[in-house]
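One-letter residues, chain by chain:
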Amino acid sequence: MKCIVCESYTFTHICSACQTNFLSPALYRRKLPNGTDILSFYKYEEIKELLFTKHTDIGFYIYTILAKLSFKKFAKEFHTKEKYISLAIDDRSTSGYSHTALLNHALKTYNIRPLYNKLRAQNSVSYSGKSKQFRQENPRNFQLKKFKDDESIILVDDIVTTGQTLAQACTKVEEQGQTVSFCLTLTDVSLK
């Protein structure tokens, strides 16, 4: 097959040279209004075309590569004695897989334990390309399924734009007596 970036022949959808040259993650920080940190790995413009694959046949492979390069690398370098639970934002399967579940799975290490199917939006309205006002008028109405652990929580999503989705998820988690330590996303649209 050909690399979707440089069109060289490769065994993966993105060759190792392009993964190294174009997809090396950085770490960007932003805060939600409640003070919770959002850590992102890429500027939106750097991976925009790759993100558009999430609802296509190759999206699974592209998101797996992005998860390995960013989330998995972060988890390996995140050394702490504290234990964490990671929850993906609305990890419902569409197009045969859940892109947020793939990202969440990449965090699995000795001190981060991913949980699945715990934080689901009850409102299925798409926020893609919508204004902050639209997002505020159409909340996700998250449902959080109970789990026994009292460990700190990492929220996982692919894109942060206005921060409304993550803020709503934080509120839902905190309403049930849990603590969100920080959020992880692939990209932050606000980064130029």
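The rules behind each value
- Residues numbered from 1 in each chain as written.
- Predicted model: local features only at pLDDT ≥ 70, side-chain atom pairs only at ≥ 80, totals over all residues.
- Heavy atoms only, no water.
- Helix = DSSP H or I, 4+ residues; strand = E, 2+ residues; numbered from the N terminus.
- Polar contact = N/O pair within 3.5 Å; in protein donor to acceptor, adjacent residues only side chain to side chain.
- Contact = heavy atoms within 4.5 Å.
- Core = buried A, V, L, I, M, F, W, Y, C linked by side-chain atoms within 4.5 Å.
- Buried < 20%, exposed > 50% of the residue type's maximum accessible area, 1.4 Å probe, protein only.
- Axes fitted to C-alpha atoms, helices over the stretch in contact; angles between N-to-C directions.
- Nonpolar A, V, L, I, M, F, W, Y, C, P; charged D, E, K, R; others polar.
- Salt bridge = Lys/Arg side-chain N within 4 Å of Asp/Glu carboxyl O.
- Pairing = 2+ DSSP bridges.

Section: the side chain of Asp-158
The residue Asp-158 is located in strand 7 (residues 152–160) in this model. A distance of 2.7 Å separates a polar atom in the side chain of Asp-158 from a polar atom in the side chain of Lys-54. Setting aside chain neighbours within four positions, we find Asp-158 in contact with Lys-54, Tyr-63, His-99, Thr-100, Leu-103, Thr-185, Leu-186 and Thr-187.

Points about the nonpolar core
Counting residues in hydrophobic clusters, the biggest one holds 34 residues, and the most contacted among them are Phe-71, Leu-184 and Leu-186. Only strand 2 (37–43), helix 2 (44–51), helix 3 (59–77), helix 4 (99–105), strand 7 and strand 8 (180–188) provide two or more residues apiece to this core. Here this core takes nine residues from helix 3, the largest share from any one element. Setting aside its immediate chain neighbours within four residues, Leu-186 contacts Ser-40, Phe-41, Tyr-42, Ile-47, Leu-51, Tyr-63, Leu-66, Ser-70, Phe-71, Leu-103, Asp-157 and Asp-158.

Some details on the packing of helix 2 against helix 3
Two packed helices can be described by the angle between their axes and the distance between those axes. Between helix 2 and helix 3, the shortest axis-to-axis distance is 10 Å and the interhelical angle comes to 150°. Seen from helix 2, the contacting residues are Ile-47, Leu-50 and Leu-51; seen from helix 3, they are Ile-62, Tyr-63 and Leu-66. Its residues assigned to classes, the contact of helix 2 with helix 3 comprises six nonpolar, no polar and no charged.

A look at the environment of Leu-27
With respect to the helices and strands, Leu-27 occurs in the loop between helix 1 (16–22) and strand 1 (28–31). Separated by 136 residues in sequence, Leu-27 and Gly-163 place their C-alpha atoms 17 Å apart. Contacts of Leu-27, omitting those with residues within four sequence positions, involve Leu-39, Ser-40 and Phe-41.

Some words on the environment of Lys-31
Looking at where Lys-31 falls in the secondary structure, it is placed in strand 1. For the pair Lys-31 and Cys-183, spaced 152 residues apart in the sequence, the C-alpha separation amounts to 9.4 Å. Dropping the residues within four chain positions of it, Lys-31 is found in contact with Thr-36 and Asp-37. A polar contact of 2.7 Å, which involves the side chain of Lys-31, links it to the side chain of Asp-37.

Some words on the pattern of salt bridges
Following the criterion strictly, the structure yields seven salt bridges and no others. Its salt-bridge partner being Asp-37, residue Arg-29 comes within 3.4 Å of it at the nearest N-O pair. Each of the salt bridges in this network shares a partner with another, and the network as a whole consists of Arg-29, Lys-31 and Asp-37.

As for the sheet that holds strand 7
The strand order across the open sheet formed by six strands is 1-2-8-7-3-4, and the pairing between neighbours is mixed. Every other strand in the sheet has two partners, leaving strand 1 and strand 4 (112–115) as the edge strands with one partner each. Each adjacent strand pair in this sheet contributes to an overall mean axis angle of 30°, direction not counted. Relative to strand 8, strand 2 is paired through six bridges, and the arrangement is parallel. Each residue of the ladder has a partner; that of Leu-39, found in strand 8, is Leu-184.

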